[in-house]
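Overview (structure and organization)
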Amino acid sequence: TTLNLNSYRGNIRWQSSTDNNVFTFIDGATASSYTATDLTQTTYYRAVVKNGVCDSAISTVGTVTVSPVSVAGTISGATTVCTGTNSTVLTLNNNVGTIQWQTSDSLNGTYTDINLATGATYTASNLTRATYYRAVVTSGACASVNSDAVVIEVSPAAVGGTIGGEQPVPFGVNTTALSLTGYTGTIAKWQSSLDGVTFSDISETAGATSFEAVNLENTTY
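Parameters and conventions
Note on numbering: residues in each chain are counted from 1, in written sequence order. With the structure being a predicted model, the display of local features is reserved for residues of pLDDT at least 70 and the display and counting of side-chain atom pairs for 80 or more, all residues being used for whole-chain, interface and lining totals. The side-chain figures draw on all heavy atoms in the structure; neither hydrogens nor water molecules are used. Helix and strand assignments follow DSSP, with helices taken as H or I runs no shorter than four residues and strands as E runs no shorter than two, numbered in order from the N terminus. What the globule rule says is 2.2 Å times the number of residues to the power 0.38, and the radius of gyration is computed from C-alpha atoms. Residue burial is assigned from relative accessible area. The probe radius is 1.4 Å, only protein chains are included, and a residue is buried under 20% of its type maximum, exposed over 50%, and partly exposed in between. A contact between two residues is defined here by any heavy atoms of the two lying within 4.5 Å. Method for areas: the Shrake-Rupley scheme with a 1.4 Å probe, in which residue coverage is limited to the protein chains shown. Under the counting rule used here, the positive set is Lys and Arg, the negative set is Asp and Glu, and His together with the chain ends is not counted. Charge positions come from single atoms, namely NZ of Lys, CZ of Arg, CG of Asp or CD of Glu. A pair of strands is labelled paired if DSSP reports no fewer than 2 bridges between them. In protein, a polar contact means a hydrogen-donor-capable atom and an acceptor-capable atom, both N or O and within 3.5 Å, with residues adjacent in sequence counting only if both atoms are side-chain atoms; elsewhere, any N or O pair within 3.5 Å suffices. For this document, the term salt bridge refers to a Lys or Arg side-chain nitrogen within 4 Å of an Asp or Glu carboxyl oxygen. Here a cavity denotes grid points, spaced 1 Å and computed from the protein atoms alone, that fit a 1.4 Å probe unable to get out, and a pocket denotes an open set having protein on both sides within 12 Å along at least 5 of 7 lines; residues with an atom within 4 Å of a point are the lining. Grid points are joined across faces, edges and corners, and a volume is the space filled by probe spheres set on the points. Take the buried Ala, Val, Leu, Ile, Met, Phe, Trp, Tyr and Cys residues and link them wherever side-chain atoms come within 4.5 Å; each set so joined is a nonpolar core.

Moving on, we come to the overall build of the chain. Looking only at helices and strands, the chain features zero helices and 21 strands. Since a compact globule built from 221 residues should have a radius of gyration of about 17 Å, the 36 Å found for the chain marks it as more spread out than a globular shape. Principal-axis analysis of the C-alpha atoms gives the chain an extent of 125 × 30 × 25 Å. The 221 residues of the chain split such that 28% are buried. At a minimum sequence separation of 6, the contacts of the chain that also span at least 24 residues come to 51%. Looking at the chain as shown, the accessible area adds up to about 13,900 Å², and 49% of this sits on carbon and sulfur atoms. In the chain, which carries 7 positive and 14 negative side-chain charges, the distance between the mean positions of the two groups comes to 34 Å.

What follows concerns the pairing of strand E13 (residues 121-125). Side chains of E13 alternate between two faces, with Tyr 122 and Ala 124 buried and Thr 121, Thr 123 and Ser 125 left unburied. By the bridge criterion, five bridges tie strand E10 (residues 87-93) to E13 in an arrangement that is antiparallel. Each residue of the ladder has a partner; that of Ser 87, found in E13, is Ser 125.

Turning next to the side chain of Ser 70. Tracing the chain through its elements places Ser 70 in the loop between strand E7 (62-64) and strand E8 (74-76). One polar contact links the side chain of Ser 70 to the main-chain amide nitrogen of Ser 139, over a distance of 2.8 Å. The residues contacting Ser 70, other than those within four sequence positions of it, are Val 96, Val 137, Thr 138, Ser 139, Cys 142, Ala 143 and Val 145.

Now for the environment of Thr 18. Structurally, Thr 18 is set in the loop between strand E2 (11-17) and strand E3 (24-25). Spatially, the C-alpha atoms of Thr 18 and Gln 167 are 89 Å apart, while their sequence positions differ by 149 residues.

Take the pattern of salt bridges next. The full count for this structure, using the stated rule, is two salt bridges. When the shortest N-O distance is used, the salt bridge between Arg 129 and Asp 105 registers 3.1 Å. Taken together, the positions of Arg 129 in the loop between E13 and strand E14 (131-138) and Asp 105 in the loop between strand E11 (98-104) and strand E12 (112-113) put the pair 24 residues apart, joining distant regions of the chain.

As a volume, the largest pocket reaches approximately 840 Å³. What lines the largest pocket is a set of 36 residues, and nearest its centre among them are Leu 178, Trp 190, Gln 191, Ser 192 and Tyr 221. Considering each element in turn, the lining of the largest pocket owes the most residues, four residues, to strand E21 (residues 210-214).

Before going further, it helps to spend a moment on the nonpolar core. Within the largest apolar cluster, 17 residues are counted, with the highest numbers of intra-cluster contacts made by Leu 90, Leu 92, Trp 101, Tyr 122, Tyr 133 and Ile 152. Those elements that provide at least two residues to this core are E10, E11, E13, E14 and strand E16 (150-155). Each residue touching Leu 92, except ones within four places of it in the same chain, is listed here: Ala 72, Gly 73, Thr 74, Ile 75, Ile 99, Trp 101, Ala 120, Ala 135, Val 137 and Ser 147.

What follows deals with unusual backbone geometry. Positioned with a positive phi, Asn 20 is a non-glycine residue whose angle comes to about 60°. You will see that Asp 38, though not glycine, has its phi angle at about 55°, which is positive. Tracing the chain through its elements places Asp 38 in the loop between strand E4 (33-35) and strand E5 (43-50).

What follows covers the side chain of Ser 16. With respect to the secondary-structure elements, Ser 16 resides in strand E2. For Ser 16, a relative accessible area of 18% corresponds to the buried category. The contact partners of Ser 16, leaving out residues within four places of it in the chain, are Val 22, Phe 23, Thr 24, Ile 26, Thr 43, Tyr 44 and Tyr 45.

By themselves, these figures tell us nothing about what the structure is for.
Structure, rendered in structure tokens:
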């Protein structure tokens, strides 16, 4: 960063300080401009100007503000939701710098800024398809960095489907093969009931698209 001293009269000696209180002279810095390089903290500069036998005069202070390097941080909270009405809170952790959330329909697609989404958390609502999110983090004058993207997966709503194969059977020794078609999702279990109202789980039926009802003694649902 090049600092320039304007509207002065006399000979120049530049000074620097890290607290804007105690200033020290910079060796060889006597020109009307001074280039500050490779700073790691905010630094203050001023010039001491002396003209002949007159008392020295001190310039105004110029401040070079040094920002910490941008750190993207990591996003937590991504999950899988059911399509339609849903809500997921994403949180950016361990970042350094200001935040701008972005979204995309694919991992390596084009990401666009989400309006007003500049806080440490972002709530994704009412998604109907898988959606990717990332944060762009910028610390002061430092280059921006992108966090790794996360995805909120969206499952289609479960559809119960239709059971086929039901038929009258004789009391006692009998077998009826039932099958489920037209469903969406994973079959969690089959259930049965004697009154069509109160249903109980049938063990070891998870994932099965068909079920054999055997040896029935009552009309069963």
